[in-house]
Amino acid sequence: MRIAILSRNRKLYSTRRLIEAAEERGHEVHVLDPLHCYMNINAKEPSIHMRGKELPEFDAIIPRIGASITFYGTAVLRQFEMMGVYPVNESVAISRSRDKLRSLQLLSRKGIGLPVTGFASKPADIPDLIDMVGGSPLVIKLLEGTQGIGVVLAETRKAAESVIEAFMGLNAHFMVQEYIKESGGADIRCFVLGDKVVAAMKRQAKPGEFRSNLHRGGSATLVKLSSAERATAVKAAKTMGLNVAGVDILRSNHGPLVMEVNSSPGLEGIESATEKDVAGQIISFIEKNAKSHKTRTKGKG
Ligand code: ADP
């Protein structure tokens, strides 16, 4: 097969591993920087060009679109979809998962466990908003944040009010969330592929920190999932319409709670914690599932 990887940098661990895994299986791989792709959108023969030339035909595309280029990256991916290229994750599903609030609303509709979350725009609503999520301590999250930046633990009601007022004053969108204390600064990253969790790791925050992101100094270890955790992760990925997803779960005293569903989950942490060939499994998934024009949405919506 001829496979495209939509990625800004071929040297990134995840991109390198996907190239390696695809080449090992005899596929031809092209890494395409989405910002270098430009499109001819027309009724008869939509096409994508790069540096003055039309791109060749591809059988499948693996999107690795960073949060900072979601808009342009998903537009390029949608164009590939229009041309019939099989995307391992669809553009619509990626856009959906990038909106943290919309994602939680979709998950809640399916009855998936979530930390109780509030959203408001008026300062007058702050006291009730804080009560809604069970009072302090509570977590305040900027909707635009990634890698733990913009996630604040407010230990007291006063601290929560000040941070919320500050964010409102800056016209920043944020949500307020019940703090899951019993998770003890740890979360579980479930790597979902199709209808299975193919690898999972526990990430533990460094001492004095509640955010377990590896970028914030968290450490990863192998973890055994309960069947409820597996089912929750797979259902969350399915709800978002993602074939490949990193589902982040908090272990609460009332079962698994989904924090986030990531559409471009990194491979480095999970492959080294589990010693599994996750990249290879992604390529096998593509081999089994890739068919021309096989998208659920055809880019609609
Ligand atoms: P980001 O998408 O920026 O990584 P997250 O929502 O995943 O933001 O939060 C970052 C980290 O903070 C999580 O990995 C988790 O360890 C911790 N965390 C987030 N929300 C909660 C919560 N409601 N209760 C307890 N810990 C939380």
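Residues numbered from 1 in each chain as written. Predicted model: local features only at pLDDT ≥ 70, side-chain atom pairs only at ≥ 80, totals over all residues. Heavy atoms only, no water.

**A look at empty space enclosed by the protein**
So, point 1. One pass over the full model with this rule turns up 2 cavities of 30 Å³ or more.
So, point 2. Around the largest cavity sit L18, I62, P63, R64, V88, N89, V244, S263, S264, P265 and I282, which together line it.
So, point 3. Among the residues forming the lining of the largest cavity, the class breakdown is 7 nonpolar, 3 polar and 1 charged.
So, point 4. The space that makes up the second largest cavity amounts to roughly 40 Å³.
So, point 5. If you go around the second largest cavity, the residues you meet are K100, S103, L104, L107, M175, M259, E260 and V261.
So, point 6. Elements with a minimum of two residues in the lining of the second largest cavity: α4 (100–109) and β16 (255–262). (1 Å grid on protein atoms, 1.4 Å probe; cavity = no way out; pocket = protein on both sides within 12 Å on 5 of 7 lines; lining within 4 Å. Points joined across faces, edges and corners; volume = space filled by probe spheres on them. Nonpolar A, V, L, I, M, F, W, Y, C, P; charged D, E, K, R; others polar. Helix = DSSP H or I, 4+ residues; strand = E, 2+ residues; numbered from the N terminus.)

**Things to note about the nonpolar core**
So, point 1. Membership of the largest hydrophobic core comes to 43 residues, with the highest contact counts inside it found for L32, F80, L107, V247, V258 and V261.
So, point 2. For this core, the element with the highest residue contribution is helix α7 (residues 227–240), accounting for 5 residues.
So, point 3. Of the domains in this structure, domain 1 (2–96) and domain 3 (182–263) are the two that each give at least three residues to this core.
So, point 4. Every residue in contact with V261, bar those within four places of it in the chain, is listed here: S97, L107, A236, A237, M240, L242, A245, G246 and V247. (Core = buried A, V, L, I, M, F, W, Y, C linked by side-chain atoms within 4.5 Å. Buried < 20%, exposed > 50% of the residue type's maximum accessible area, 1.4 Å probe, protein only. Domains from an automatic or database assignment. Contact = heavy atoms within 4.5 Å.)

**Re the site of the ligand**
So, point 1. In the neighbourhood of the ligand, 19 residues make up the surrounding shell, with K141, G148, S212, N213 and E260 lying closest.
So, point 2. One of the backbone N or O atoms of I180 is found 2.9 Å from a nitrogen atom in the ligand.
So, point 3. Between the ligand and the protein, one listed contact pairs an oxygen atom with a side-chain N or O atom of N213 at 2.7 Å.
So, point 4. Relative to its unbound accessible area of 540 Å², the ligand is 97% covered by the protein chains.
So, point 5. Elements with a minimum of two residues in the shell around the ligand: β9 (138–142), β11 (174–178) and β16.
So, point 6. For the shell around the ligand, the domains that each give at least three residues are domain 2 (117–179) and domain 3 (182–263). (Near = heavy atom within 4 Å. Polar contact = N/O pair within 3.5 Å; in protein donor to acceptor, adjacent residues only side chain to side chain. Areas by Shrake-Rupley, 256 points an atom, 1.4 Å probe, with all protein chains shown as cover.)

**Remarks on the sheet that holds β9**
So, point 1. Read from one edge of the open sheet, 4 strands run β8-β11-β9-β10, paired in antiparallel fashion. Looking at which strands have only one partner, the edges of the open sheet turn out to be β8 (117–118) and β10 (151–154).
So, point 2. Running at roughly 45° to β11, α4 makes contact with β8, β9 and β11 of the sheet.
So, point 3. Sheet contacts for helix α6 (residues 157–169): β9, β10 and β11; angle to β9, the most-contacted strand, approximately 15°. (Pairing = 2+ DSSP bridges. Axes fitted to C-alpha atoms, helices over the stretch in contact; angles between N-to-C directions.)

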